[in-house]
Amino acid sequence: RAVTAEPLTVAQAKPAVSLPKQLPIALVGKSPAMQMSFKLLTRLSGQTMPVLIKADIGSGKQTIAKTLHEMGPQSQESFESLNLSQLEEGRQEDALFGLSGLLTRRSAGMVFINHIELLSAQAQMQLARFVENGADSAIPLTKQSIRIVAGTAINLQALVEQGLFREDLYFELSAAVLNVPPLRDRAE
């Protein structure tokens, strides 16, 4: 049947998702759980909504975020990463929203914020406003131009219930959740 079918035109043959030049070795996995993660990663790569990556420490959240960026429509734009575990709480707002902050000095691309649970209350408020309102917030950027991807190793919903993490920010960041199985469950 394939031989007798009409050949595809160039427009039909073009894939909807651009694949990165090379998949990072950390994303190799044969387990059914990893295959599900790969499928979800591929589906999310064509979107612009925020993504919350939930994975154990050392499971490669930044590598996954970078792959998500490379597979997406903004792959030619910048990819920036901020690890909140390596930043003092008082410097978080400046790192994100200051004059040379990650969200103020660019107009497109992806910003990956790892250990999002460590974000200060004031920075949570500003990030929630930025993600929710985009151009209507105090920062003159559109949320469609910068994609926010956050990483965590803990249950953010439990922090929301304890009043330690903003519910509106959690709602915005968890528009799409990518659960990555722990390394101990994917020894292959």
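Residues numbered from 1 in each chain as written. Predicted model: local features only at pLDDT ≥ 70, side-chain atom pairs only at ≥ 80, totals over all residues. Heavy atoms only, no water.

**Some details on the overall build of the protein chain**
In terms of regular secondary structure, the protein chain is built from seven helices and five strands. Along the protein chain, helices (α) and strands (β) appear in the sequence α-α-β-α-β-α-β-α-β-α-α-β when read from the amino end. With 188 residues in all, the protein chain has 44% of them scored as buried. Sequence separation of 24 or more characterises 76% of the internal contacts of the protein chain that already satisfy a separation of 6 or more. Of the roughly 10,700 Å² that the protein chain leaves accessible, carbon and sulfur atoms contribute 53%. (Helix = DSSP H or I, 4+ residues; strand = E, 2+ residues; numbered from the N terminus. Buried < 20%, exposed > 50% of the residue type's maximum accessible area, 1.4 Å probe, protein only. Contact = heavy atoms within 4.5 Å. Areas by Shrake-Rupley, 256 points an atom, 1.4 Å probe, with all protein chains shown as cover.)

**A look at the sheet that holds strand β4 (residues 146-152)**
Pairing is parallel in the open sheet, where five strands are placed in the order β2-β3-β4-β1-β5. With one partner strand each, in any of the chains shown, β2 (79-83) and β5 (177-179) form the two edges of the open sheet. Sheet twist, expressed as the mean angle between neighbouring strand axes with direction ignored, is 20°. The pairing of strand β1 (residues 51-54) with β4 spans four bridges and is parallel. Residue pairing in the sheet places Leu52 in a bridge with Ala150 of β4. Sheet strands touched by helix α3 (residues 61-71): β1, β2, β3 (109-114), β4 and β5. Its angle to β3, the strand with the most contacts, is close to 165°. (Pairing = 2+ DSSP bridges. Axes fitted to C-alpha atoms, helices over the stretch in contact; angles between N-to-C directions.)

**Some remarks on the pattern of salt bridges**
Throughout the structure, instances matching the rule amount to two salt bridges. A salt bridge links Arg105 to Glu80, with the nearest nitrogen and oxygen atoms 4.0 Å apart. Taken together, the residues Arg105 in the loop between α4 (92-97) and β3 and Glu80 in strand β2 connect sequence positions 25 residues apart. Between Asp168 and Arg166 there is a salt bridge, with the nearest N and O atoms lying 2.8 Å from each other. Residue Arg166 is classed as partly exposed on the basis of its relative accessible area of 31%. (Salt bridge = Lys/Arg side-chain N within 4 Å of Asp/Glu carboxyl O.)

**Examining the nonpolar core**
Side chains that are nonpolar tend, in soluble globular proteins, to be buried together. Leu103, Ile116, Leu127, Ile148 and Phe165 are the most contacted members of the largest nonpolar core, which totals 27 residues. Counting residues per element, the ones that place at least two in this core are α4, β3, α5 (121-133), β4, α6 (156-161) and α7 (167-173). For this core, the leading source of residues is α5, giving five residues. (Core = buried A, V, L, I, M, F, W, Y, C linked by side-chain atoms within 4.5 Å.)

**Notes on the pairing of β1**
Examined bridge by bridge, β1 and β5 share three bridges and lie parallel to one another. Its bridge partner being in β5, Lys54 is matched across the sheet by Asn179.

**Considering the pairing of β2**
Bridging between β2 and β3 involves five bridges; their strand directions are parallel. Paired with Phe79 across the bridge in β3 is Met110. Tracing the backbone out of β2, into α4 and back to the parallel element β3 gives a crossover that is right-handed. (Right-handed = clockwise from strand over helix to strand, strands pointing away.)

**Details of helix α2 (residues 32-45)**
Here α2 contains 14 residues, and its C-alpha end-to-end distance of 20 Å stays within 8% of the 20 Å for a straight helix at 1.5 Å per residue. Buried residues belonging to α2 abut β1, α3, β4 and β5. (Expected span 1.5 Å × (residues − 1).)

**Describing the packing of aromatic side chains**
What the rule picks out here adds up to one aromatic pair. Between the aromatic rings of Phe97 and Phe130, the centroid separation amounts to 6.5 Å while the plane-to-plane angle is 65°, which identifies the pairing as edge-to-face. Placement of the pair is Phe97 in helix α4 and Phe130 in helix α5, with a sequence separation of 33 residues. Take Phe97 and Phe130: they sit in the same class, and that class is buried. (Phe/Tyr/Trp six-rings, centres within 6.5 Å; stacked < 30°, edge-to-face > 60°.)

**So, the confidence of the model for the protein chain**
Looking at the protein chain, pLDDT values average 81 and 77% of them are 70 or higher. Mean pLDDT across the secondary structure elements of the protein chain bottoms out at helix α1 (residues 10-13), with 50, and peaks at α6, with 96. Low confidence marks residues 135-144, where pLDDT is under 50. Its contacts with residues over four positions away, or in another chain, come to 23 contacts. (pLDDT = per-residue confidence, 0-100.)

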